Amino acid sequence: MLLASFASADDAAGVVASLMRSPLGPAAIEILDSGAAAGLAGAPAVSENGVLLVVAATGFEKAIQRQLADVKALCAKASDAEAVRETATLDAIWSHLRELADPSKAGIALLKLAVPPSRSAVALTTARSAARDEGFTPVTQARAGSGVVYLELQPGAWDAAWLGRLVVLVSRLRAFVRGEGGSLVLEACPTAAKQGPAGLDPWGDVGTGFPVMRALKENLDPKGTLNPGRFVGRL
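Residues numbered from 1 in each chain as written. Predicted model: local features only at pLDDT ≥ 70, side-chain atom pairs only at ≥ 80, totals over all residues. Heavy atoms only, no water.

Description of the nonpolar core
In globular proteins that are soluble, nonpolar side chains generally tend to be buried together.
Phase 1: If you look at the biggest cluster of nonpolar residues, it comprises 51 residues, and the most contacted ones within it are Phe6, Ile31, Leu53, Cys75, Leu111, Leu153 and Leu166.
Phase 2: Ranked by residues supplied to this core, first place goes to helix 6 (residues 160–179) with eight residues.
Phase 3: Ignoring sequence-local partners within four residues, the contact set of Cys75 consists of Leu2, Ala4, Phe6, Val15 and Leu53.
Phase 4: The next biggest cluster of nonpolar side chains, apart from the first, holds 16 residues, and it includes Met1, Val54, Val84 and Ile93. (Core = buried A, V, L, I, M, F, W, Y, C linked by side-chain atoms within 4.5 Å. Buried < 20%, exposed > 50% of the residue type's maximum accessible area, 1.4 Å probe, protein only. Helix = DSSP H or I, 4+ residues; strand = E, 2+ residues; numbered from the N terminus. Contact = heavy atoms within 4.5 Å.)

This is the structure:
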């Protein structure tokens, strides 16, 4: 696994683009902001506006060595790049990456943005900047190989002011992903944020196929007894 620190997400995006066009076939490509990289075993320092690129390689020993060397060669703009091979450290890194997108954490809001993979770094930067504009201290992770970006928010307490900021942030980021041809789903958020007529819809835009979905639901559950309001479009 290679861990490379960059001054900006744009610099890391150039490496990701090269990887996607190459025959290297990495097992994973992750971009972490400074909040997400905090406490990551074996990671170089990441500046406040910088990112950490994590590239995993699998296969035979010599193949891994060659892949990591080739990936490191692509990271010419990195301020630091370290190859990690120790099993214990690798296990700790994988555990850290899994826990970043854990919706079961207490007291968090977890936003999942889906965009074209080539726009992963832009989505991370946009989400991080928008969250900071609303006063949050974001933890942002982009799975650059698939175009999925997670934004975790956890203020001290979800009072009315923070809930209002969350509503504004979700609206702003949904407008962004709509322009990218993507989507935004709330995987976790305070219950209070979803209540009332102006409450957040965790699913967001239902798409053009929603009338068909609603008709099927009404046909199969005419009395609305099966988890009413829990699915897309509050079905």
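Regarding the pairing of strand 3 (residues 51–56)
Phase 1: The buried fraction of strand 3 is high, at six of six residues.
Phase 2: Relative to strand 3, strand 1 (residues 2–6) runs antiparallel, the two sharing five bridges. The partner of Ala4 across the bridge, within strand 3, is Leu53.
Phase 3: The pairing of strand 2 (residues 28–33) with strand 3 spans six bridges and is classified as antiparallel. (Pairing = 2+ DSSP bridges.)

Quick notes on helix 3 (residues 61–74)
Phase 1: Over its 14 residues, helix 3 extends 20 Å from the first C-alpha to the last, a length consistent with the 20 Å expected when each residue adds 1.5 Å.
Phase 2: Those residues of helix 3 lying buried are Ile64, Gln67, Leu68 and Val71. Summarising the axial view, the buried residues of helix 3 lie within an arc of 95 degrees, below the 170-degree limit, and thus occupy one face. Pointing more than 90 degrees away from the buried face of helix 3 are the exposed residues Lys62, Arg66 and Ala73.
Phase 3: Lining the buried residues of helix 3 we find strand 1, helix 1 (9–21), strand 3 and strand 4 (80–83). (Expected span 1.5 Å × (residues − 1). Arc of directions from axis to C-beta.)

Considering the side chain of Glu180
Phase 1: Along the polypeptide, Glu180 turns up in the loop between helix 6 and strand 8 (183–188).
Phase 2: A distance of 2.9 Å separates the side chain of Glu180 from the side chain of Arg119, its partner in a polar contact.
Phase 3: Setting aside residues up to four positions removed in sequence, Glu180 forms contacts with Val115, Pro116 and Arg119. (Polar contact = N/O pair within 3.5 Å; in protein donor to acceptor, adjacent residues only side chain to side chain.)

Digging into the packing of aromatic side chains
Phase 1: Evaluation of the coordinates by the stated rule reveals two aromatic pairs.
Phase 2: Centre to centre, the rings of Phe136 and Trp162 are 4.9 Å apart; their planes meet at 45 degrees, and the pair counts as tilted. With Phe136 in the loop between helix 5 (120–133) and strand 6 (139–143) and Trp162 in helix 6, the pair connects residues that are 26 residues apart, well separated along the chain. Comparing Phe136 with Trp162, the two get one shared label, buried.
Phase 3: Connected via pairs of aromatic rings, a cluster forms that spans Phe136, Trp158 and Trp162.
Phase 4: Directly above the ring of Trp162 sits Arg165, whose terminal nitrogen or CZ lies 4.5 Å from the centroid. (Phe/Tyr/Trp six-rings, centres within 6.5 Å; stacked < 30°, edge-to-face > 60°. Lys NZ or Arg CZ within 6 Å of the ring centre and 35° of its normal.)

Topic: the pattern of salt bridges
Between side chains of opposite charge, a pair can form as their charged atoms come close.
Phase 1: For the structure on display, the rule yields eight salt bridges.
Phase 2: Its salt-bridge partner being Glu30, residue Arg143 comes within 3.9 Å of it at the nearest N-O pair. Taken together, the residues Arg143 in strand 6 and Glu30 in strand 2 connect sequence positions 113 residues apart.
Phase 3: Between Glu152 and Lys105 there is a salt bridge, with its nearest N and O atoms 3.0 Å apart. (Salt bridge = Lys/Arg side-chain N within 4 Å of Asp/Glu carboxyl O.)

Some details on the sheet that holds strand 4
Phase 1: Taken in spatial order, the eight strands make up an open sheet running 4-1-3-2-6-7-5-8, and their pairing is antiparallel. The outermost strands of the open sheet, each flanked by one partner alone, are strand 4 and strand 8. The mean inter-strand angle of the sheet, taken between neighbouring strand axes irrespective of direction, is 15 degrees.
Phase 2: As paired elements, strand 1 and strand 4 share four bridges and run antiparallel to each other. Considered in strand 4, the bridge of Leu2 is made with Ala83.
Phase 3: In the packing of helix 5 onto the sheet, contacts are made with strand 2, strand 3, strand 5 (109–114), strand 6 and strand 7 (148–153), and the angle to strand 6 comes to roughly 165 degrees. (Axes fitted to C-alpha atoms, helices over the stretch in contact; angles between N-to-C directions.)

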